[in-house]
Amino acid sequence: QVQLQESGPGLVKPSQTLSLTCAVSGGSITTSYYYWSWVRQPPGKGLEWMGAIGYDGSTYYSPSLKSHTSISRDTSKNQFSLQLSSVTPEDTAVYYCARDQLGGLGPLGYWGQGTQVTVSS
């Protein structure tokens, strides 16, 4: 059973970079053909897919966030990370890491519990 756990600071100041890490257990992030995503949910709004990193290290981003989003991985630690630069209060959200259920950047089937990030001075 794949398990994901987000970690990172709960409070970030405006204009700074938000950095989160997702530790994965029960499966390798290099296993074909899975993709590892970041998803967020601002208060009172729906889920927003931010981007993903593939089993082969390829990256994919939401067009609306691409200019200030970066996803990377550390295969030695079996974890992947999100960096969101120049944050504003509108980036306040619960951030989730997730994996597709069947591979191929398909529907997400495994989720972390989520971590609240607040952007405020």
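Everything quoted here is computed from the prediction, not taken from an experiment. (Residues numbered from 1 in each chain as written. Predicted model: local features only at pLDDT ≥ 70, side-chain atom pairs only at ≥ 80, totals over all residues. Heavy atoms only, no water.)

Asks: Honestly, the overall build of the protein chain in this entry has me stumped. Any pointers?
Replies: When its secondary structure is counted, the protein chain shows 0 helices and 11 strands. Traced from its N-terminal end to its C-terminal end, the protein chain shows the element sequence β-β-β-β-β-β-β-β-β-β-β. The globule rule puts the C-alpha radius of gyration for 121 residues at 14 Å, and the 13 Å found for the protein chain is close to it. Dimensions of the protein chain, computed from C-alpha atoms along their principal axes, come out at roughly 40 × 25 × 25 Å. Each of the 121 residues in the protein chain was classed as buried or not, and the buried ones make up 42%. For the protein chain, contacts bridging at least 24 residues in sequence account for 54% of all contacts bridging at least 6. Accessible surface, the protein chain: about 6,100 Å² in total, of which carbon and sulfur atoms supply 48%. Distance between charge centres in the protein chain, computed from 7 positive and 7 negative side chains, equals 3 Å. (Helix = DSSP H or I, 4+ residues; strand = E, 2+ residues; numbered from the N terminus. Rg over C-alpha atoms; globule rule 2.2 N^0.38 Å. Buried < 20%, exposed > 50% of the residue type's maximum accessible area, 1.4 Å probe, protein only. Contact = heavy atoms within 4.5 Å. Areas by Shrake-Rupley, 256 points an atom, 1.4 Å probe, with all protein chains shown as cover. Lys, Arg positive; Asp, Glu negative; His and termini not counted. Charge placed at Lys NZ, Arg CZ, Asp CG, Glu CD.)

Asks: Explain the sheet that holds strand β1 (residues 3-7) to me, please; I cannot follow it from the model alone.
Replies: With antiparallel pairing, 4 strands are arranged side by side in an open sheet as β1-β3-β8-β7. The two strands at the open ends of the sheet, each matched to only one other strand, are β1 and β7 (69-74). For this sheet the average axis-to-axis angle between neighbouring strands, irrespective of direction, equals 20°. Relative to strand β3 (residues 18-25), β1 runs antiparallel, the two being bridged by 5 bridges. The residue of β3 that forms the bridge with Gln5 is Ala23. (Pairing = 2+ DSSP bridges. Axes fitted to C-alpha atoms, helices over the stretch in contact; angles between N-to-C directions.)

Asks: What is the right way to read unusual backbone geometry from this model?
Replies: Trans is the common state for peptide bonds, and a negative phi is the common state for residues other than glycine. Omega for the peptide link from Ser32 to Tyr33 comes to -10°, which places this bond in the cis form. Turning to its location among the elements, Tyr33 is positioned in the loop between β3 and β4 (35-41). A positive phi is found at Asn78, a non-glycine position, where the angle reads about 55°. Along the chain, the position of Asn78 falls in the loop between β7 and β8 (79-84). Its relative accessible area of 16% is what places Asn78 among the buried residues. The backbone phi angle of Leu105 is positive, close to 55°, even though this residue is not glycine. Tracing the backbone through its elements, the reader meets Leu105 in the loop between β9 (93-100) and β10 (108-111).

Asks: Sorry, what's going on with the side chain of Gln79 here?
Replies: Within the fold, Gln79 resides in strand β8. For Gln79, the contacting residues outside a window of four places in its chain are Thr21, Cys22, Ala23, Ile29, Arg73 and Asp74.

Asks: Looking at this structure, how should I read a nonpolar patch on the surface?
Replies: Together, Trp49, Tyr60 and Leu105 make up a nonpolar patch on the protein surface, roughly 250 Å² of accessible area in all. Take Leu105: its relative accessible area is 34%, and that puts it in the partly exposed class. (Patch = residues over 30% accessible without salt bridge, like charges linked within 9 Å, V, L, I, M, F, W, Y side chains within 5 Å. Salt bridge = Lys/Arg side-chain N within 4 Å of Asp/Glu carboxyl O.)

Asks: Could you clarify how one ought to interpret the packing of aromatic side chains in this entry?
Replies: Geometry of an aromatic ring pair is reported as the spacing of the ring centres plus the angle between the planes. Per the stated rule, a full pass over the model turns up 6 aromatic pairs. Aromatic side chains Tyr33 and Tyr55 sit 5.2 Å apart centroid to centroid with 85° between the ring planes, which places their arrangement in the edge-to-face category. Here Tyr33 is found in the loop between β3 and β4, whereas its partner Tyr55 is found in the loop between β5 (48-54) and β6 (59-61), with 22 residues between them in sequence. Centroid distance Tyr96 to Trp111: 5.7 Å. Interplanar angle 85°. Geometry classified as edge-to-face. Residue Tyr96 is found in strand β9, and its partner Trp111 is found in strand β10; the two are separated by 15 residues along the sequence. In this structure, Arg99 is placed above the aromatic ring of Tyr34, and the distance from its NZ or CZ to the ring centre is 3.5 Å. Here the basic side chain of Arg99 rests over the ring of Trp36, its NZ or CZ set 5.9 Å away from the ring centre. (Phe/Tyr/Trp six-rings, centres within 6.5 Å; stacked < 30°, edge-to-face > 60°. Lys NZ or Arg CZ within 6 Å of the ring centre and 35° of its normal.)

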